[in-house]
Amino acid sequence: MNNKTYLYSYILTIIGGISLVALHGRAGLFNAITIIVGVLLIVPGILAFIRASFPSRAARMAGARPSVPMIVVSLASIVLGVMLVAVPEKFTHFIVYAFGILMIVCGIVQFLNFTPSRRSLGFPWWYLAAPALCICIGVVVMVLGAAQVLDILAMLTGIVLIVYSLNGFIGYYERSKRSHQGGVTGKVVNVEM
């Protein structure tokens, strides 16, 4: 992942965090998130189904045939997306667990980003506090379950994502500043979600 993509991921994360904090008290927030996830499954599922079922003329000339595994996967994506859109309240609890997993993954990725840089660039130890917070909150969400944390999850997730993003921006800035001064940079590790 190049540095621009790394920076853009923090921009998207902070926008998501601010949105969750701003909308945390809204009735039906998690139903809306579930519907958005459903649409995000339906659209690529339809596009993948079309590509897998009807290869282009150039692909057919090269010997390509419809891909049965890709057709099955795209149909499963469409069906799951339609279910999420049709009855979002049945899937809200799964979205809560997905938020928990997201926070754990974000924390682990930032640990992997900052641990090598911390020593080689002289970052202070507190750079690791934000990823530790992400992991801890994610574990709490997973352990307590959706029923216990649903009321505060949007606010909590928003705050954690904002802290995570700010920590990432600071680390990105410090890494850039110190690498221009002749320091050695650690590898940037990030997971596309």
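What counts, and where the lines are drawn
- Going along each chain's sequence as written, the residues are numbered from 1 onward.
- Since the coordinates come from a predicted model, pLDDT governs what is reported: local features require at least 70, and pairs of side-chain atoms require 80 or more to be given and counted, while whole-chain, interface and lining totals use all residues.
- Side-chain measures were taken over the full set of non-hydrogen atoms in the model, leaving aside hydrogen atoms and water.
- A run of DSSP states H or I qualifies as a helix once it reaches four residues; a run of E qualifies as a strand once it reaches two. Both are numbered from the N-terminal end.
- Three labels apply to residues, based on accessible area from a 1.4 Å probe with only protein chains included: buried if under 20% of the type maximum, exposed if over 50%, partly exposed otherwise in between.
- Contacts were defined at the residue level, with two residues in contact if any of their heavy atoms lie within 4.5 Å.
- Among the buried residues, those of types Ala, Val, Leu, Ile, Met, Phe, Trp, Tyr and Cys that are joined through side-chain atoms within 4.5 Å form a nonpolar core.

Remarks on the overall build of the chain
Thinking step 1. The number of helices and strands found in the chain is seven helices and zero strands.
Thinking step 2. Listed N to C, the secondary structure of the chain is α-α-α-α-α-α-α in terms of helices and strands.
Thinking step 3. In the chain, which comprises 193 residues, the proportion classed as buried is 35%.
Thinking step 4. Taking as baseline every contact in the chain between residues at least 6 positions apart, the subset at least 24 positions apart corresponds to 82%.

Remarks on the nonpolar core
Nonpolar side chains in soluble globular proteins generally cluster together in the buried interior.
Thinking step 1. Of all hydrophobic cores here, the largest spans 20 residues; its most connected members are Leu20, Phe30, Ile33, Phe99, Val141 and Leu153.
Thinking step 2. At the level of secondary structure, the elements contributing two or more residues to this core comprise helix 1 (3-23), helix 2 (29-53), helix 5 (92-121), helix 6 (129-144) and helix 7 (146-180).
Thinking step 3. Counting residues per element, this core draws most heavily on helix 7, at seven residues.

Some thoughts on the side chain of Asn167
Thinking step 1. As for its position among the elements, Asn167 is in helix 7.
Thinking step 2. Discounting chain neighbours no more than four positions away, the residues touching Asn167 are Gln110, Phe114, Tyr127, Ala130 and Pro131.

Nothing here speaks to function; it is geometry throughout.
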